[in-house]
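So the chains spell out like this:
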Amino acid sequence: MASLAGRPPIGEVEDLATLARLDEQTLLKELKVRYGRDTIYTYVGDILVAVNPFKTLTIYDKKHTAVYRRAHKSQVPPHIFAIADASYHSMLDSQRNQCCVVSGESGAGKTESAKYMISHLIDLCQGKSTLEQKIIQVNPLLESFGNAQTVMNDNSSRFGKYIQLKFSRQGQILGAKISEYLLEKSRVVRQAPGERNFHIFYYLFAGLDGEEQQKYKLGNPDDQRYLSNGSSPLKRYKKELSNGYDALQTAMDIVGFLAEEQENLFVALGGLLNLGNVRFEGDADRSMVSDPDGPLKHAAFLFGLDPMQLADTMTVSVTVTRGEQIRRNLGVQRASDARDAIAKAVYGRLFSWIVNRVNTLLAPETKVSQTDIVEIGILDIFGFENFDQNSFEQACINLANEQLQYFFNEHIFKMELEEYKKEGIDATKITYEDNKPILEFFMKKPIGFLALLDEESHFPQATDLSFLEKSHTNFKKLPFFARAKDTRSTLFTLSHYAGKVEYDATGFLEKNRDTLPGGVVEMLQISKNGLLSHIFRGTITRTGTLALQSRRDKGARKTRMQSRALAKKAPAAGKSVRKVMTVGGQFKSSLEILMEKMNAASPHFVRCIKPNRQKSANLFEDDYVTAQLSYCGMLETTRIRREGYAMRPTFEEFFTRYKTLAKKKVTVPNGASCRVILEGTGIKNWHIGKTKVFLKYWHVETLTDLLEKVHQAATRLQKIVRGFLAKRRFKRLLAEAAKQRAAVEEFLEFISKNEAKVTQKLQKLLAHDKANPKNFDKAKAEPVQELPPPPLPVVPSTADLPPPPPPDSDESDDDDLDEFEEVIPKRANPNKRFGRQGTKAASVRWFQETQVSQTTTANGQFHEWFHGIITRRAAEQMLTSKPIGCFIVRVSESRFGYSLSFRVADRCKHYMIDQTPSGKFIIVGEPKVHKNLAALVAYHQKNPINEQGDLLTVACGQDSDEELDYADLVATSQQAKMLQSSRDTSARVSRPGGRSPGMAHRSRQQRGVFAAPASSRSGGSRLKGPTGGGAPPLPPR
Ligand SMILES: Nc1ncnc2c1ncn2[C@@H]1O[C@H](COP(=O)(O)OP(=O)(O)OP(=O)(O)O)[C@@H](O)[C@H]1O
Ligand SMILES: [Mg+2]
């Protein structure tokens, strides 16, 4: 921590809140010097300032991850990982939800910061199951569809998102949920100069092969109307874009999108591009599709629609007045608008569907109760925007930023000031700009800006100018609203907390209504593309998200006729006076819900700063940075954090957590007890209020250190007491053992004493029986003298048995528990397709019914590396004598999946292999998906499997020529039949790789032949000896 006595050199201070003197210039200088040294993170109290380096830094590797694991913030340099770490441990310690607000303007680094936080959080909970992989893969997936290149940022998020990571109360990750805000749909149909459409459209052209492009009727990229600024990126960045496509494909597979869903999605996108190419001819009163056999036909085909009907919805408006249908022709411009409106609606719903699917696939298991879940939410939402032309979208985005600033103010300034006042602390010098009035101007009912816009949107005759006129009448007295002097102008200005923005009201009403031409929804509801009909049967909720019905939902299964009838009833475009939810209304509701969530959580703030407009490394533009610092309130924050009390636990919370630090006895959680506790710690400058304890943020670290010492002392005490008790018990057991030894000796002595007597008697009886064989049965034996019962040794009760060996004594023989030393998944395999998991029978059935083709070559032989259900131990035995990298793939007994075992220098390693819902394979914990097992093996024969650089080298074949360890897996009656028929065939036709009849032992290559083993056919569980009879290979299924 910086000293207040002597000013530390510029750039050395990690927490600017500790500087005694701080003004705008100092703040800027400190950040600039640090930035020059590639030190991009700086604290201002517990707020993290992150300056975008625009270059790759080596501060996110494994080494750094380890440093920021339960590290005290003051002991390690500022870092985004430290914020993730703080929120995770704060969640665990307080058992409260946390939220991290990442803000900054476009290109400042919000999304990158959010990604680093998520990856660190996942690392902190040490999960390596498929769930963590899925969460990591959500980003490339959403970015493909929701990000685009803009003039501000090459990978700009064109939607806002709040991602909630859900944890168990012990900190294990359980799932995630994403909320999306205001996707910029207009980008689908038009892009400003120098900007691009969403990444996905370029990925399609760069990543799909010719045949696939043909299937989706993509055509020539130069001819796409919806790529407004041409297809040059496809030539200049082909490799990057094709990598983007691969990453998307991997992400979809890992997250769990089915092959059919992916196909439907690409078909719909192909349809969308073709729709964009539909052109119209005619005049302002009527129009028709220029080339009905061209793009229209393709679009209709891909959308699963009738081309005539599709053309109709764009060129004709149908209204129903008093039961009568009135058809009105639309001019070229209106037809083009209708076409673009359909494209935007399709894309918007597709995006919502993707988010919906992701949420379903990442939802915590239903058996986990909500009360057992705590969350960390990360908000990555568009920053403040002020362009040359600002429209409805900018108004919404800037409203969101006003709301966030208000949230920030509430926490950092206002609540502090109010509490100090209550507690009698002088805070008069601390001032801040309260933006509540402008927020109310936007949100207020009945006459706020959005309410007025809604009111006008519901009037068919209203225009953008009439809306502006009304705004002027209502808001002219407000200091932050001003319309242009020329009353014919549609321009008006709002003074936001971050500065003045001039808006153009043109298009506000239409954008707010966001209506589709009549009949479009109904037409798409009966599309033959399952995905399109599904998303158009869903409804748009109050917050603008898509609420989907289950596909099996009865209500959704309307017949074609019913839907047509519905279509006829649809009101015409422009005519609607329905009080449907508007875009502004939806955004307002979603913001309110977001704020509710955030207000119920403990906040953490990350302020991202963009150092220059050129997106260049090593360039720090003072004026540009100053503007950002001032509008994110950093200077005031600096001051107030330094002077204020960041931590304010209630008496109860403080008492419960720190009572063990008290030097005197404390029993009641009140101010006096808290004072006693604090006085005992030696820390200074705390304050006891009426209900809470006021602490500087660094006090908490000192208290945690002290608590740690107490805990260590308690552990030592326990160790000593337990040792003492164990020794005492051991002595008792020793005495008991001596007693038992004596008893046993006594017993043995008794036996040896009486041995001679018993033998004598026995011999006498035998002689008697021999002499009188006839009377044998009747003979009454001379009564044998009863011997006294031997003294039995006393068996100790179980309670007195010696204690079990300690856990590290390596006596466990549980192969299953021990199975994965590398990767231990915590969730069950999602591929629950057969039987109950965890039984060998279920695994065998799963294998027989779905996996044979995975493990056999084209010739029907098993791959040499394939082994059956064998334990990890057996695998290790097999591999010990083999060369490094020698490997096998075996079937797991307790779950549906495989395990990969291979030899490294001094031991064996084991990795779990799972199957994605789309039928592909992935090593758990690895990001790469493979289309089959052979591809997976081939890939890792060339690419290291881990950071240690281990490669697979040669396959390890079966251990014995006599006994195949996959015998259990291949025997079913059906296969036996197939086997028989193949045998018949092979008697006539000799096939390569097959065995000749009578062959006693199979060669190494032939051992892999997929054949029902003799013992399995006869009900035996294991194959003993060769199959006999020369089974030829069966084709894989
Ligand atoms: N920590 C970082 N290290 C290296 N480069 C970074 C870092 N943060 C951001 N960048 C660079 O800056 C670019 C923009 O960052 P990012 O996409 O996170 O901005 P954003 O604030 O989310 O912008 P938008 O609001 O437009 O979505 C990234 O693509 C990357 O090139
Ligand atoms: Mg972003």
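Above: the structure in question.
Here the structure is a predicted model, which is why all the values come from computation and not from measurement.

Reading the values: the criteria
The numbers attached to residues start from 1 for each chain and follow its sequence in the written order. Each chain gets a letter, beginning with A, and each ligand a number, beginning with 1, in the order they are written. Only residues with pLDDT of at least 70 get local features here, since the model is predicted, and only at 80 or more are side-chain atom pairs given and counted; chain-wide, interface and lining totals rely on the full set of residues. Here the side-chain values reflect all heavy atoms present in the structure, with hydrogen atoms and water set aside. Consider each residue's heavy atoms; a residue with any of them within 4 Å of a molecule or strand counts as near. As used in this structure description, the phrase polar contact means that two N or O atoms lie within 3.5 Å; if the pair is within protein, one of them must be able to donate a hydrogen and the other to accept it, and residues adjacent in sequence are counted only when both atoms belong to side chains. Note on areas: these come from Shrake-Rupley sampling with a 1.4 Å probe, and a residue is covered only by the protein chains present in the view. The helix count covers DSSP runs of H or I at least four residues long, the strand count covers runs of E at least two residues long, and both are numbered beginning at the N terminus. Only Asp, Glu, Lys and Arg are considered charged, only Ala, Val, Leu, Ile, Met, Phe, Trp, Tyr, Cys and Pro nonpolar, and every remaining residue, Gly among them, polar. The contact criterion used throughout is that any non-hydrogen atoms of two residues lie within 4.5 Å. Only nitrogen, oxygen and sulfur atoms count as donors, using a 2.8 Å cut-off from the metal that widens to 3.2 Å for Na, K and Ca. Water is left out, so coordination shells may look unfilled. Relative accessibility thresholds used throughout: buried, under 20% of the residue-type maximum; exposed, over 50%; partly exposed, between the two (1.4 Å probe, protein chains only). Patch construction takes residues with relative accessible area above 30% that form no salt bridge. Like charges are linked within 9 Å, and nonpolar side chains (Val, Leu, Ile, Met, Phe, Trp, Tyr) are linked within 5 Å. The rule for a salt bridge is simple: a side-chain nitrogen of Lys or Arg has to be within 4 Å of a carboxyl oxygen of Asp or Glu. Angles shown run from 0 to 180 degrees and are taken between the N-to-C directions of axes, each axis being a line fitted to C-alpha atoms and, for helices, limited to the stretch in contact. Roughly parallel here means an angle under 35 degrees, roughly antiparallel means over 145, roughly perpendicular means 65 to 115, and every remaining angle is called oblique. Grouping buried Ala, Val, Leu, Ile, Met, Phe, Trp, Tyr and Cys residues that are joined through side-chain atoms within 4.5 Å yields what is termed a nonpolar core. By definition here, a helix of n residues has an expected span of 1.5 Å times n minus one.

*Asks:* Which parts of the structure should I look at to understand the site of ligand 1?
*Replies:* Taken together, 18 residues surround ligand 1, and among them Ser106, Gly107, Lys110, Ser156 and Ser157 come closest. A distance of 2.9 Å separates an oxygen atom of ligand 1 from a polar atom in the side chain of Asn153. Compared with its free state, where it exposes 630 Å², ligand 1 has 86% of that area covered by protein. Elements with a contribution of two residues or more to the shell around ligand 1: helix H4 (110-124) and strand E5 (156-157). Considering each element in turn, the shell around ligand 1 owes the most residues, four residues, to H4. In terms of residue class, the shell around ligand 1 is made up of five nonpolar, nine polar and four charged.

*Asks:* Could you clarify how one ought to interpret the side chain of His79 in this entry?
*Replies:* Along the chain, His79 falls in the loop between helix H2 (62-67) and helix H3 (80-94). At a separation of 2.9 Å, a polar atom in the side chain of His79 contacts the main-chain amide nitrogen of Phe81. If near-sequence neighbours (up to four positions away) are discounted, His79 is found in contact with Tyr41, Tyr43, Leu48, Ile59, Tyr60 and Tyr68.

*Asks:* Just to check I follow, could you spell out the coordination of the magnesium ion (ligand 2) for this structure?
*Replies:* Where a metal carries four tetrahedral donors, each ideal angle is 109.5 degrees; where it carries six octahedral donors, the ideal angles are 90 or 180 degrees. Here the magnesium ion (ligand 2) is held by the protein donor atoms Thr111 (OG1) and Ser157 (OG), which lie 2.0 to 2.1 Å from it. A residue pair is termed long-range when its members are at least 10 positions apart, and Thr111 in helix H4 and Ser157 in strand E5 qualify at 46 residues. No difference in accessibility class separates Thr111 from Ser157, as the two residues are buried.

*Asks:* What am I meant to see in a nonpolar patch on the surface here?
*Replies:* Together, Val721, Phe724 and Leu725 line one region of the surface with nonpolar side chains, adding up to about 280 Å² of accessible area. When you line up the elements, Val721 lands in helix H27 (residues 697-771). Taking relative accessible area as the criterion, Val721 reaches 45% and is therefore assigned partly exposed.

*Asks:* Would you take a moment to explain the pattern of salt bridges for this structure?
*Replies:* Here the idea is simple: oppositely charged side chains can pair when their charged atoms come close. Applying the stated criterion across every chain, the model contains 35 salt bridges. Of the charged contacts, one joins Lys235 and Asp222 as a salt bridge, the two residues approaching to 3.3 Å between their closest N and O atoms. With Lys235 in helix H8 (residues 232-236) and Asp222 in the loop between helix H7 (210-215) and H8, this pair connects stretches of sequence that are 13 residues apart. In this structure Asp222 comes out as partly exposed when scored by relative accessible area, which is 48%. Note that Arg483 and Glu469 form a salt bridge whose closest N and O atoms lie 3.0 Å from each other. With Arg483 in strand E13 (residues 481-483) and Glu469 in helix H17 (residues 464-475), this residue pair connects regions lying 14 residues apart in the sequence. A residue is classified by how much of its surface remains accessible, and Glu469, at 38% relative accessible area, is partly exposed. Here the residues in one salt-bridge network are Arg158, Glu184, Arg187 and Glu195, joined through shared partners.

*Asks:* Teacher, can you tell me more about the packing of helix H6 (residues 199-207) against helix H10 (residues 259-276) here?
*Replies:* Packed helices, taken two at a time, are described by the angle their axes make and the gap between the axes. The N-to-C vectors of H6 and H10 enclose an angle of 100 degrees; their axes lie 11 Å apart at closest approach. Viewed along their axes, H6 and H10 adopt a mutual orientation that is roughly perpendicular. Contacts between H6 and H10 pair Ile200, Phe201, Leu204 and Phe205 from the former with Phe266, Leu269, Leu272 and Leu273 from the latter. In terms of residue class, the contact of H6 with H10 is made up of eight nonpolar, no polar and no charged.

*Asks:* Looking at this model, I keep getting lost on the nonpolar core. Mind explaining?
*Replies:* In globular proteins that are soluble, nonpolar side chains generally tend to be buried together. In this structure, Leu141, Phe145, Ile200, Phe201 and Tyr347 are the most contacted members of the largest nonpolar core, which totals 127 residues. In terms of residue count, helix H13 (residues 332-362) provides more of this core than any other element does, 15 residues in total. In this structure, Phe145 is in contact with Phe198, Ile200, Leu248, Leu265, Leu269, Tyr347, Phe351 and Ile354, ignoring residues within four places of it in sequence. In terms of nonpolar packing, the next biggest core, distinct from the first, is built from 53 residues, Ile397, Leu453, Phe492 and Leu591 among them.

*Asks:* Explain H10 to me, please; I cannot follow it from the model alone.
*Replies:* An α-helical segment advances 3.6 residues per turn. Residues three or four places apart therefore align on the same side. Compared with an ideal rise of 1.5 Å per residue, which puts 18 residues at 26 Å, H10 spans 26 Å between its outermost C-alpha atoms and is within 8% of the ideal. Here H10 lies mainly inside the structure; 15 of its 18 residues are buried.

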